[in-house]
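Here is how the chains run, residue by residue.
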Amino acid sequence: MSILRAILSGDPPRGRPLALVLTAIFVGLAFAPLLFPGIGALNVAAKICYFVVLAASYDLLLGYTGVVSFAHTMFFGIGGYGAGLALYDLGPSWSSILIGTGAALLVAIALALVIGLFSLRVRAIFFAMITLAVANAFSILASQLSSFTGGEDGCTFRLPELLRPGFRLVAGPFAISGRLISYYLVFFAALILFLLMLRIVNSPFGRVLQAIRENEFRAEALGYRTMVYRSIGNCLAAAAAALAGVLSALWLRYTGPAVTLSFDIMLDILLMVVIGGMGTLYGAVIGATIFVLAETYLQSLMAALNHATEGLPLLPLLFHPDRWLLWLGVLFVLSVYFFPAGIVGGLQKRR
Amino acid sequence: MTTRVEQALPPRRRDLAPILLVPLVALAALPLVGSLSTWVTLTLAGLAMGMIIFIIASGLTLVFGLMDVLNFGHGAFISIGAYTAAVLAPSLSGLIRADSLALNLIALLALIALAMAVTGVLGYAFERIIIMPVYRQHLKQILVTIGGLIVAEQIIIAVFGPVLIVLPLPTAFRGSLVFGDIAIERYRLIAVVVGLVIFAAMVLILDRTRIGLLIRAGVENGEMVEALGYHIRRLFAGVFIAGSALAGLGGVMWGFYREALTPGMGMDVMVLVFIVVVIGGLGSVGGCFIGSLLVAVVANYTGFLAPKLALGSNILLMALILLWRSRGLYPVAKR
């Protein structure tokens, strides 16, 4: 048990229901290829993996640092484009993945630093508006520079031999395909990144961030340079988001504005973190899992409701399968008011 | 005590530097553009565009400056205003299609009044239901109003579908006026008039009327105003209704300018609104006005001189202004 505690940085999930849910998610993801056969299910599992990292890194900002950023998809996109363009331009090799990831990390951290210097020193509310403007400009830039980024269409690239779907490490009935290797690469990378972030928020540095969130003035009076801490937190979150972008690019073998940079994804992350529970990284795990599952499976439920309410005024329109975001939006507003600790808060209380 | 009160208060210092910024930028651009007539056309078009941006942004800065509420849902009211106009326009098609400036203006004013009424009522509901529980909590305000924006946008899609809706410009507003080599679109002239009226009305109401006095006093010290027997909550609800109605007005003007509506149009234009408000100083009406003009004029010049740069010109301008004054041109003193 003490090893497990150490792995979880001394911050295990509090409460049995929460621990059970998290264990179920972990087991489900770890054995996804066995438990849920089929390409579609594996896609969902991989998407959950990299969105857990993305949502957790956003929680570093929203939940732990107490600032709202709208540029998180930009960093996600920088990661995706970094790995994708390196693989496309330099050929499908492991070294191009490394070069792309390194370059993406550098760009993401530098950009986060500049944005932070402009906006964090004044007030958190500026930060929200400025990140929104910068992220918007970045996504327009990415679609405009079509000779470099592939524009709106994005860019499809090939992976190293080992990760290609056609590759077979072991043939026969228990085949280990390149797709399976890719999945476990994404899974373990996401796991390590998540544990690393858990370590960061439970370090003395993470405690200072929380102190600033709770009472900036008092933290400053205690002698902490709040601006420096916030900037570092911002850069760490940006770096983690960029790495999540790399994972998504490796899994999708594609990168483009629609899957990385769009404002819709930014809203998705926001919904994940708030519905799961702000200020606890486990909330990001639960939020990301629920959201990706809802995105995939809620639509069929709503199609049924749409069918059932046929003939009534307006209701069928609201239950149209494409309107699932409407209901998540309502859930989002309600959870900000009534469950600021999100689903995790609810699970913890029932101890 | 012999000192008179008037002497005890130092006169308000006038800060003119930001006001000079627009003319200075325009003058600096003249040698770069070269041709005088092109420069005049660019400048006039830019100033008019700035007026439209100001109309859209004014409600947001008003609500923030007076209530300390950052309303991301502002974008939803912009869309709703534009869609209201699109829904009602067919029933006024006689007035809109007529080739008479007077009839067209009546149609425009009627659409504006109806759109403002709709967004004003919705704004009241929004303030009561969404914003009231989160006064003085910025983080939650941003989250909750974003949630409201998502829900509103989805409802618009549910009702009108995700498709583009056409909102044709009234006949007499089409085309341009040409003076020699200088051309200016007629609709932009109308936008200038509307923008100036809004700006003047906002400044006059806040500076010269009793209501404005009470609102400003409420911003300074709400408890004291309540102790004097005024319902500060009612005042602030009124401010929010005004802010939402201004968003609706902005939506109508913006919708006619683009002549096509999409459910996401409010959110799209919010980026520009935020840039303008950050440049002007969050919460300042005058700053918002100058910021709008500045952004539009600079965008026009860069679009002409270096089209590749035009994309980033807003961000670049914002960065420069924030380097000069880190809280925007006219920071609202208290916050």
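Here the structure is a predicted model, which means the values were calculated and not measured.

A. Seen up close, the environment of B:Leu235. Residues and elements named next belong to chain B. Mapped onto the elements of the fold, Leu 235 is located in helix 11 (residues 232–258). With relative accessibility at 14%, the residue Leu 235 sits in the buried group. Counting along the chain gives 160 residues from Leu 235 to Gly 75, while the straight-line C-alpha distance between them is 23 Å. In this structure Leu 235 touches Leu 214 and Ile 215, once residues within four positions along its chain are discounted.

B. Representation of the packing of aromatic side chains within the structure. For the structure shown, the criterion picks out 25 aromatic pairs over all chains. Aromatic side chains A:Tyr337 and A:Phe338 sit 6.0 Å apart centroid to centroid with 65° between the ring planes, which places their arrangement in the edge-to-face category. A:Tyr337 sits in the buried class, given a relative accessible area of 18%. Between B:Phe126 and B:Phe240, the aromatic rings sit 6.2 Å apart at their centres with planes inclined by 15°, giving stacked as the arrangement. Of this pair, B:Phe126 sits in helix 6 (residues 101–131) while B:Phe240 sits in helix 11, and the two are 114 residues apart along the sequence. Of the two residues, B:Phe126 and B:Phe240, both sit in the buried class. A connected cluster of aromatic rings, assembled from ring pairs, spans A:Phe26, A:Tyr183, A:Tyr184, A:Phe187, A:Phe188 and A:Trp251. In this arrangement the basic side chain of A:Arg179 is found over the ring face of A:Trp251, its NZ or CZ atom lying 3.9 Å from the centre.

C. Spotlight on the pattern of salt bridges. All names here are of chain B. This structure, assessed with the given rule, holds 9 salt bridges over all chains. Salt-bridge contacts for Asp 15 lead to Arg 325; the nearest nitrogen and oxygen are separated by 2.7 Å. Highlighted residues: Asp 15 in the loop between helix 1 (5–8) and helix 2 (17–33) and Arg 325 in the segment after helix 14 (307–324), separated in sequence by 310 residues. Here Arg 174 and Glu 259 are joined by a salt bridge, their closest N and O atoms 3.6 Å apart. A residue pair is termed long-range when its members are at least 10 positions apart, and Arg 174 in the loop between strand 1 (165–166) and strand 2 (176–179) and Glu 259 in the loop between helix 11 and strand 4 (260–261) qualify at 85 residues. Residue Arg 174 is classed as partly exposed on the basis of its relative accessible area of 38%.

D. Spotlight on the pairing of strand 3 (residues 182–185) of chain B. Residues and elements named next belong to chain B. In this structure, strand 2 lies alongside strand 3, joined through 4 bridges in antiparallel fashion. By the bridge assignment, Val 178 is partnered in strand 3 with Ala 183. Joining the antiparallel neighbours strand 2 and strand 3 is a turn of 2 residues, in which Gly 180 adopts a positive phi near 60°.

E. Up close: the nonpolar core. Membership of the largest hydrophobic core comes to 202 residues, with the highest contact counts inside it found for A:Leu62, A:Phe70, A:Phe75, A:Tyr183, B:Met67, B:Phe72 and B:Ile142. No other element matches helix 4 (residues 39–65) of chain A, which puts 18 residues into this core. Each residue touching A:Tyr183, except ones within four places of it in the same chain, is listed here: A:Leu29, A:Ala32, A:Pro33, A:Leu42, A:Ala45, A:Ala46, A:Cys49 and A:Trp251. Listed in part, the 15 residues of the second largest apolar core include A:Tyr81, A:Cys155, A:Ile181 and A:Ala249.

F. Representation of helix 9 (residues 210–220) of chain B within the structure. Residues and elements named next belong to chain B. All buried positions along helix 9 are accounted for by Gly 212, Leu 214, Ile 215, Gly 218 and Val 219. Take helix 9 and look down its axis: the buried residues cluster within an arc of 160°, on one side only. With respect to the buried face of helix 9, the exposed residues turned more than 90 degrees away are Arg 210 and Glu 220. Looking at the buried residues of helix 9, the elements they touch are helix 3 (36–67), helix 8 (186–208), helix 10 (222–227) and helix 11. You can read the cap of helix 9 off the contacts: a side-chain oxygen lies 3.1 Å from the backbone nitrogen of Gly 212, and it is on Thr 209.

G. Structural detail: the interface of chain B and chain A. Taken together, the contact between chain B and chain A spans 40 residues of the former and 42 residues of the latter. Carbon and sulfur atoms supply 84% of the area that chain B and chain A bury against each other, a total of about 3500 Å² over both sides. At the junction of chain B and chain A, the tally comes to 0 salt bridges. Counting every contact that joins chain B to chain A gives 2 residue pairs in polar contact (both at pLDDT 80 or more). Of the residues belonging to the side of chain B that touches chain A, the class tally is 32 nonpolar, 5 polar and 3 charged.

H. Expanded view of the confidence of the model for chain B. Confidence in the prediction of chain B, expressed as mean pLDDT, is 87, and 95% of residues score 70 or more. No element of chain B has a lower mean pLDDT than helix 1 of chain B, at 56, and none a higher one than helix 4 (residues 74–88) of chain B, at 94.

I. A look at the side chain of A:Thr65. Relative to the helices and strands, A:Thr65 resides in helix 4. Residues contacting A:Thr65, with those up to four places away along its chain left out, are A:Leu60, A:Leu209, A:Arg213 and A:Arg230.

J. Inspection of helix 2 of chain B at higher detail. Residues and elements named next belong to chain B. Over its 17 residues, helix 2 runs 24 Å from end to end, which matches the ideal 24 Å to within 8%, given 1.5 Å per residue. Maximum bend of helix 2: about 25°, positioned at Pro 23. Every buried residue belonging to helix 2 is among Pro 18, Leu 21, Val 22, Ala 26, Ala 29 and Val 33, and all of these are buried. On the buried face of helix 2, the contacting elements are helix 3, helix 13 (285–305) and helix 14. Following helix 2 by one or two positions, Gly 34 has its phi on the positive side, about 95°.

What counts, and at which threshold
Residues numbered from 1 in each chain as written. Chains lettered and ligands numbered in written order. Predicted model: local features only at pLDDT ≥ 70, side-chain atom pairs only at ≥ 80, totals over all residues. Heavy atoms only, no water. Helix = DSSP H or I, 4+ residues; strand = E, 2+ residues; numbered from the N terminus. Buried < 20%, exposed > 50% of the residue type's maximum accessible area, 1.4 Å probe, protein only. Contact = heavy atoms within 4.5 Å. Phe/Tyr/Trp six-rings, centres within 6.5 Å; stacked < 30°, edge-to-face > 60°. Lys NZ or Arg CZ within 6 Å of the ring centre and 35° of its normal. Salt bridge = Lys/Arg side-chain N within 4 Å of Asp/Glu carboxyl O. Pairing = 2+ DSSP bridges. Core = buried A, V, L, I, M, F, W, Y, C linked by side-chain atoms within 4.5 Å. Arc of directions from axis to C-beta. Polar contact = N/O pair within 3.5 Å; in protein donor to acceptor, adjacent residues only side chain to side chain. Buried area = accessible area lost by both parts, 1.4 Å probe. Nonpolar A, V, L, I, M, F, W, Y, C, P; charged D, E, K, R; others polar. pLDDT = per-residue confidence, 0-100. Expected span 1.5 Å × (residues − 1). Bend = angle between axes of the 7 residues up to and from the residue.

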